[in-house]
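Below are the chains, spelled out letter by letter.
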Amino acid sequence: MKANSLVILDFETTGLSPDVGDRAIEIGAVRLVNGEVTERFQELMNPGQRVSGFIEDYTGISNDMLEDADSCEVVMDRFADFIADDNLIAHNASFDKRFLDAELNRIGRNYPGEFSCSLLLSRRIFQNSYNHKLGELVRFCNIESDGDFHRALYDSEMTAKVWMAMLESMGERYEIYDISFDLIKKLTKTPKNKVNKLLSSYNLSSEKP
DNA sequence: TGCCAGGCCCTCTTTAGGGCCTT
């Protein structure tokens, strides 16, 4: 696993759950290495079923656009190669993890990395945000945006920017500049009212640059 | 045909219910 290399991903899908037959229709992702985007991945995929009018409106992805796209199996095989052995991040990761696992399971592929969730982290680091939807966090962080949400690459790019803003905020507030994936995992399992104590104690026990 | 999830998190909690997030 490469040091400080993360894949931040986002799925557009036919619905909310692969358990009831929903499939992926688009995957977008960026690779962050030491805080910089070094690679991007975006592909539509044909789910083998028509998508609802709601999803066409919600994502802007039409049935016509999916007609000539490669199948989920073909696209997800390429995406598994892209992920390699990096750790993974998504906004509300439990959603994207379910689809990633379901689609990769169909083609007998897997990934060795671990997931972390920008939604769970934002609830702890940006406790003053009005809510923790991706769009609201982008506004909260004063991140430049053209508002084209609900497309996979765009949302993964925005999630990456919010992610970096959270790390910067932790650095500024607690003087923690070497934030490991393990610390993030621990943070996202810490009750909100104990985050300050955890980060303060971590700061005292860690070496500063 | 009709219907559709699930993990997190708070609280008027833990023998539960409902809002938040994701499409």
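The structure reproduced in this document is the subject of the present report.

Reading the values: rules and limits
- Residues numbered from 1 in each chain as written.
- Chains lettered and ligands numbered in written order.
- Predicted model: local features only at pLDDT ≥ 70, side-chain atom pairs only at ≥ 80, totals over all residues.
- Heavy atoms only, no water.
- Buried < 20%, exposed > 50% of the residue type's maximum accessible area, 1.4 Å probe, protein only.
- Helix = DSSP H or I, 4+ residues; strand = E, 2+ residues; numbered from the N terminus.
- Pairing = 2+ DSSP bridges.
- Phe/Tyr/Trp six-rings, centres within 6.5 Å; stacked < 30°, edge-to-face > 60°.
- Axes fitted to C-alpha atoms, helices over the stretch in contact; angles between N-to-C directions.
- Contact = heavy atoms within 4.5 Å.
- Near = heavy atom within 4 Å.
- Polar contact = N/O pair within 3.5 Å; in protein donor to acceptor, adjacent residues only side chain to side chain.
- Left-handed = near helix turned anticlockwise from the far one by under 90°.
- Nonpolar A, V, L, I, M, F, W, Y, C, P; charged D, E, K, R; others polar.

### Let's talk about the pairing of strand 1 (residues 5-13)
Move 1: Summarising burial for strand 1: 9 of the 9 residues are buried, a large majority.
Move 2: The alternating pattern of strand 1 places Ser-5, Val-7, Leu-9, Phe-11 and Thr-13 and Leu-6, Ile-8, Asp-10 and Glu-12 on opposite faces, both of which are buried.
Move 3: The sheet contact formed by strand 1 and strand 2 (residues 24-33) spans 9 bridges and is antiparallel. The residue bridging Ser-5 from the neighbouring strand is Val-33, located in strand 2.
Move 4: For strand 1 and strand 4 (residues 87-90), the ladder comprises 3 bridges, and the chain directions are parallel. Residue pairing for strand 4: Leu-6 is matched across the bridge by Asn-87.

### Focus: the packing of aromatic side chains
Move 1: Using the criterion set out here, one finds 9 aromatic pairs in the structure.
Move 2: For the ring pair Phe-11 and Phe-99, a centre distance of 6.5 Å and an interplane angle of 40° mean the geometry is tilted. With Phe-11 in strand 1 and Phe-99 in helix 4 (residues 93-106), this pair connects stretches of sequence that are 88 residues apart. Per residue, the accessibility class of Phe-11 equals that of Phe-99, and both read buried.
Move 3: Taking the centre distance of 6.1 Å and the plane angle of 85° together, the rings of Tyr-111 and Phe-115 count as edge-to-face.
Move 4: Using a relative accessible area of 12% as the deciding quantity, one classes Tyr-111 as buried.
Move 5: Phe-115 sits in the buried class, given a relative accessible area of 10%.
Move 6: Within the aromatic cluster, the residues linked to one another by ring pairs are Phe-11, Phe-95 and Phe-99.

### Here we look at the sheet that holds strand 1
Move 1: Pairing is mixed across the open sheet formed by 5 strands, whose spatial order is 3-2-1-4-5. For this open sheet the edge positions go to strand 3 (36-44) and strand 5 (115-117), each flanked by a neighbour on one side alone. On average, adjacent strands in this sheet sit at an angle of 25° to one another, irrespective of strand direction.
Move 2: By the bridge criterion, 8 bridges tie strand 2 to strand 3 in an arrangement that is antiparallel. Within strand 3, the residue paired with Leu-32 across the bridge is Val-37.
Move 3: Set on the sheet, helix 3 (residues 72-83) makes contact with strand 1, strand 2, strand 3 and strand 4; between it and strand 3 the angle comes to about 170°.
Move 4: Taken strand by strand, helix 4 contacts strand 1, strand 2, strand 4 and strand 5, and its axis lies near 85° from that of strand 1.

### What to know about the protein's contact with DNA strand B
Move 1: Among the 27 residues in the neighbourhood of DNA strand B, the closest are listed as Glu-12, Tyr-58, Asn-92, Arg-124 and His-132.
Move 2: What you see for DNA strand B is that sugar and phosphate hold 63% of its atoms within 4 Å of the protein.
Move 3: Contacts to DNA strand B include Glu-12, whose side-chain N or O atom sits 2.7 Å from a sugar or linking oxygen.
Move 4: One nitrogen or oxygen atom from the main chain of His-132 is found 2.6 Å from a phosphate oxygen belonging to DNA strand B.
Move 5: Elements with a minimum of two residues in the surface near DNA strand B: strand 1, helix 1 (53-59), helix 4 and helix 5 (118-125).

### With respect to the packing of helix 5 against helix 7 (residues 152-174)
To characterise two packed helices, one gives the angle between the axes of the helices and the distance between these axes.
Move 1: In the contact formed by helix 5 and helix 7, the axes pass within 11 Å of each other and the chain directions differ by 35°. Here helix 5 and helix 7 pass one another in a crossing that is left-handed. Contacts between helix 5 and helix 7 pair Ser-118, Leu-121, Ser-122 and Ile-125 from the former with Thr-159, Trp-163, Met-166, Ser-169, Met-170 and Arg-173 from the latter.
Move 2: In terms of residue class, the contact of helix 5 with helix 7 is built from 5 nonpolar, 4 polar and 1 charged.

### Structural notes on the side chain of Glu-26
Move 1: Mapped onto the elements of the fold, Glu-26 is located in strand 2.
Move 2: Judged by relative accessible area, which is 0%, Glu-26 ranks as buried.
Move 3: At 3.0 Å, the side chain of Glu-26 forms a polar contact with the backbone nitrogen of Ala-152.
Move 4: With near-sequence residues (within four places) excluded, Glu-26 lies in contact with Asp-10, Phe-11, Glu-12, Gln-42, Glu-43, Leu-44, Met-45, Ile-61, Arg-151 and Ala-152.

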